[in-house]
Structure formats: structure tokens, C-alpha cells
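These are the residues of each chain, in order.
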Amino acid sequence: GTPQDMQRDPQYKNIMREIASSLKTSIKIAEDAGVKKENIIIDPGIGFGKTVAHNLEILNRLDELKALGHEICIGTSRKSFIGKVLNKADSGDRLTGTLATSVIAIMKGARLVRTHDVRQAKEIASMADAILHKKAN
């Protein structure tokens, strides 16, 4: 859909398969245009044409996208699905939800996190990295 209607009634038969298929198509277009494999980063599009349940499922199954062979970027910062889950209408009140979703995404394979709250995101990413890779900075 368009930005005006993409949130009305998004439906997927298998959301992760459909996202992976769309990303494969985009990867092929990029490679055919001469973009080097190591310069391609994939993003499942949290919040765009997806329900709260879709976004939660994507985060829970994000590691499945590692099979595409590209770095994963995630952007959950202050998204409306966090507001709906935590009952936070004001996007400025969604920091804890943003940090929680970012940590889960990192643990599920995201290597890049788009955020509004850079200092806090850097700290949680450093902590998650230390846990996952058993190393201190």
C-alpha cells in the first residue's frame, strides 16, 4: 500500500517468507546494478504495513533473515507498535520499549540499529555485544 493506507489491514500468509522474498528481489536488483555484496544491508521494515503482532513476530524470528547472507538493520525506535504494547501514546515515552526491542534484535542477529536515542542505544548494543561475544570493551 501507500503511506496513507498501508496500516489499514495488512495481511500476510507467512510474514517471514514474504519479507525474505521481497528482500531477495531487492538484493538481486542491487547486485545487478553493481552494488557489492558487502555493501548491501537488509531491513525487514518494522512498522511499515504491519500490525503489532507482525512486528513482534518479525523481532522474534529475525534470525531467519541471516540466511540471506547480509547484515541486518533494524529500526524500532519509538514506533507505534511499542506504544500500543506499552500503552504509551506519546512517542517520546517509548525509550524502554525501544531499548528492549533493540536488544532482542541484536541477540537475533541485527548488526545495525536505527534510533533516536543514540547514547542509550550505544550502551545497550555494547552490553549485548559483550554478552554475545564474551568480551569487554
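Residues numbered from 1 in each chain as written. Predicted model: local features only at pLDDT ≥ 70, side-chain atom pairs only at ≥ 80, totals over all residues. Heavy atoms only, no water.

Undergrad: Lay out the overall build of the protein with the relevant residues and their values.
TA: Across its full length, the protein carries five helices and three strands. Along the protein, helices and strands appear, N-terminal first, in the series α-β-α-β-α-α-β-α. Here the C-alpha radius of gyration of the protein, 16 Å, is about what a compact globule of 137 residues would show, namely 14 Å. Split into buried and exposed, the 137 residues of the protein put 34% on the buried side. Within the protein, contacts between residues separated by at least 24 positions form 64% of all contacts whose residues are at least 6 apart in sequence. (Helix = DSSP H or I, 4+ residues; strand = E, 2+ residues; numbered from the N terminus. Rg over C-alpha atoms; globule rule 2.2 N^0.38 Å. Buried < 20%, exposed > 50% of the residue type's maximum accessible area, 1.4 Å probe, protein only. Contact = heavy atoms within 4.5 Å.)

Undergrad: Requested: an account of the sheet that holds strand β2 (residues 71-74), with residues and values cited.
TA: Strand order in the open sheet formed by three strands is β1-β2-β3, with parallel pairing between adjacent strands. Strands at the two margins of the open sheet, each flanked by one partner only, are β1 (41-42) and β3 (110-113). Bridge count between β1 and β2: two bridges; the pairing is parallel. For Ile42, the partnering residue across the bridge sits in β2 and is Ile72. (Pairing = 2+ DSSP bridges.)

Undergrad: Please give an account of the nonpolar core that cites residues and values.
TA: One finds Ile42, Ile58, Leu62, Leu65 and Ile74 to be the most contacted residues of the largest nonpolar core, which totals 21 residues. The element contributing the most residues to this core is helix α1 (residues 15-32), with seven residues. When near neighbours in sequence (up to four residues on either side) are disregarded, Ile58 contacts Ile15, Met16, Ile19, Pro44, Ile46 and Lys50. (Core = buried A, V, L, I, M, F, W, Y, C linked by side-chain atoms within 4.5 Å.)

Undergrad: Go over unusual backbone geometry with me, naming the residues and quoting the values.
TA: One non-glycine residue, Arg78, lies in positive phi territory at about 60 degrees. In this fold, Arg78 is placed in the loop between β2 and α3 (80-86). Owing to a relative accessible area of 26%, Arg78 belongs among the partly exposed residues under this scheme. One non-glycine residue with positive phi stands out, namely Asn87, at about 55 degrees. Relative to the helices and strands, Asn87 is located in the loop between α3 and α4 (95-107).

Undergrad: Describe α1, listing the residues and the values that go with them.
TA: Helix length check: α1 (18 residues) gives 26 Å between terminal C-alpha atoms against 26 Å at 1.5 Å per residue, within 8%. Taken together, the buried positions of α1 are occupied by Ile15, Met16, Ile19, Ala20, Leu23, Ile27 and Ala30. Within α1, the buried residues cover an arc of 115 degrees as seen down the axis, which keeps them to one side. When the buried face of α1 is taken as reference, the exposed residues oriented beyond 90 degrees from it are Arg17, Lys24, Ile29 and Asp32. Contacts made by the buried residues of α1 are with β1 and α2 (52-60). Within two residues after α1, Gly34 carries a phi angle of roughly 100 degrees, on the positive side. (Expected span 1.5 Å × (residues − 1). Arc of directions from axis to C-beta.)

Undergrad: Account for the pairing of β2, naming residues and giving values.
TA: Two strands pair when backbone bridges link them, and β2 and β3 are joined in this way by three bridges, in the parallel orientation. Across the sheet, the residue bridging to Ile74 is Val113, located in β3.

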